[in-house]
Amino acid sequence: MSAAGAGVGGRRWARLSRLVSFSATHRLHSKCLSNEENLKLYGKCNNPNGHGHNYKVVVTVHGEIDPVTGMVMNMTDLKEYMEEAIMKPLDHKNLDLDVPYFADTVSTTENVAVYIWENLQKFLPMGVLYKVKVYETDNNVVVYKGE
């Protein structure tokens, strides 16, 4: 990159992020473990009646800044993709009961991040999605980059 900040051939690249929040309930419970093992591993998060979170999700895309529009991606489009891939399937849902993906996958924040990544991939052009960052709480955060 040159001193002026331009990439190869004068192209400029940037990352663009958008945040959404959703509320959901879940229970950390693995079908591969006994009830006793689940309780020992997950503690109060294994409550049979579940528990809830106000999740925050930051989605980051990256790409070349279009010289005509000045954008990596139209923010309105990203907002719509996030509505379809995150809000509609997850907001005000019981992750374990309402989202088929979690029927056999433990609804940890790690797996929520993977679910969001995979769902967003259906809407975004290949290679544009850079990072999904999920805040389960202010102190518990997962970053997933499709690896």
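Residues numbered from 1 in each chain as written. Predicted model: local features only at pLDDT ≥ 70, side-chain atom pairs only at ≥ 80, totals over all residues. Heavy atoms only, no water.

The name given to the protein in an unreviewed UniProt entry is 6-pyruvoyl tetrahydrobiopterin synthase, with the source organism recorded as Acinonyx jubatus. Annotation of the protein in UniProt includes, under Function (unreviewed entry), the sentence "Involved in the biosynthesis of tetrahydrobiopterin, an essential cofactor of aromatic amino acid hydroxylases. Catalyzes the transformation of 7,8-dihydroneopterin triphosphate into 6-pyruvoyl tetrahydropterin." (UniProt positions renumbered as here; feature names shortened; annotations may be inferred.)

Engineer: When you look at the side chain of T109 in this model, what are you seeing that I'm missing?
Structural biologist: Take T109: it is sitting in helix α4 (residues 109-121). Look at T109 and you get buried, because its relative accessible area is 6%. Here T109 is in contact with Y55, V134, E136 and V142, once residues within four sequence places are set aside. (Helix = DSSP H or I, 4+ residues; strand = E, 2+ residues; numbered from the N terminus. Buried < 20%, exposed > 50% of the residue type's maximum accessible area, 1.4 Å probe, protein only. Contact = heavy atoms within 4.5 Å.)

Engineer: What's the story with the environment of V72 in this structure? I'm lost.
Structural biologist: Tracing the backbone shows V72 in the loop between β2 (51-64) and α2 (75-90). Here the alpha-carbon distance between V72 and L16, two residues 56 residues apart in the chain, equals 7.0 Å. Sequence-distant contacts of V72, that is, excluding residues within four places in its chain, are made with A14, V61, H62, G63, E64 and I65.

Engineer: Looking at this model, I keep getting lost on the UniProt feature "binding site: Zn(2+)" (unreviewed entry) in the protein. Mind explaining?
Structural biologist: UniProt records the feature "binding site: Zn(2+)" (unreviewed entry) for H26, H51 and H53 in the present numbering. Taking the farthest pair of C-alpha atoms as the criterion, the annotated set spanning 28 residues converges on one region, since that pair is 8.4 Å apart. Its place among the elements puts H26 in strand β1 (residues 13-26). Taking the relative accessible area as the measure of exposure, H26 reaches 1% and is therefore buried. On the basis of relative accessible area, H51 is assigned to the buried category, the value being 19%.

Engineer: Would you mind going over the packing of aromatic side chains with me for this structure?
Structural biologist: The description of two aromatic rings rests on the distance between their centres and on the angle between their planes. As enumerated under the stated definition, the model contains six aromatic pairs in all. For the pair F22 and Y55, a centre-to-centre distance of 4.8 Å together with 15° between the ring planes defines the contact as stacked. Remark: Y55 occurs in strand β2 and F22 occurs in strand β1; sequence separation between them is 33 residues. Neither F22 nor Y55 differs from the other in exposure class; each is buried. (Phe/Tyr/Trp six-rings, centres within 6.5 Å; stacked < 30°, edge-to-face > 60°.)

Engineer: I would appreciate a short explanation of the packing of α2 against α4 in the present structure.
Structural biologist: To describe two helices that pack against each other, one gives the angle between their axes and the distance between the axes. Where α2 contacts α4, the two axes come as close as 9 Å, and the packing angle between them is 135°. With respect to α4, the element α2 is oriented oblique. The way α2 lies across α4 gives a crossing that is right-handed. Where α2 approaches α4, its residues Y81, M82, A85, I86, P89 and L90 are matched on the opposing element by Y115, I116, N119 and L120. (Axes fitted to C-alpha atoms, helices over the stretch in contact; angles between N-to-C directions. Parallel < 35°, antiparallel > 145°, perpendicular 65-115°, else oblique. Left-handed = near helix turned anticlockwise from the far one by under 90°.)

Engineer: Looking at this structure, I do not really get the side chain of S107. What am I missing?
Structural biologist: In this fold, S107 is placed in the loop between α3 (95-98) and α4. S107 gets classed as buried once you look at its relative accessible area, which sits at 0%. At 2.8 Å, the side chain of S107 and the side chain of D96 are in polar contact. Excluding residues that lie within four positions of it along the chain, S107 makes contacts with H26, R27, L28, L95, D96, F102 and V112. (Polar contact = N/O pair within 3.5 Å; in protein donor to acceptor, adjacent residues only side chain to side chain.)

Engineer: Explanation requested: the sheet that holds strand β4 (residues 129-135) in the structure shown.
Structural biologist: In a beta sheet, neighbouring strands are held together by backbone hydrogen bonds and run either parallel or antiparallel to one another. The mixed open sheet is built from five strands, whose spatial order is β3-β1-β2-β4-β5. Since the sheet does not close on itself, it has two edges, and those belong to β3 (93-94) and β5 (141-144), each with one partner. Both β1 and β3 contribute to a ladder of two bridges, which runs parallel. Residue pairing across strands places T25 opposite N94, the latter belonging to β3. Contacts from α2 reach β1, β2 and β3, with the element oriented near 20° to β1. Along the sheet, α4 makes contact with β1, β2, β4 and β5, crossing β4 at roughly 145°. (Pairing = 2+ DSSP bridges.)

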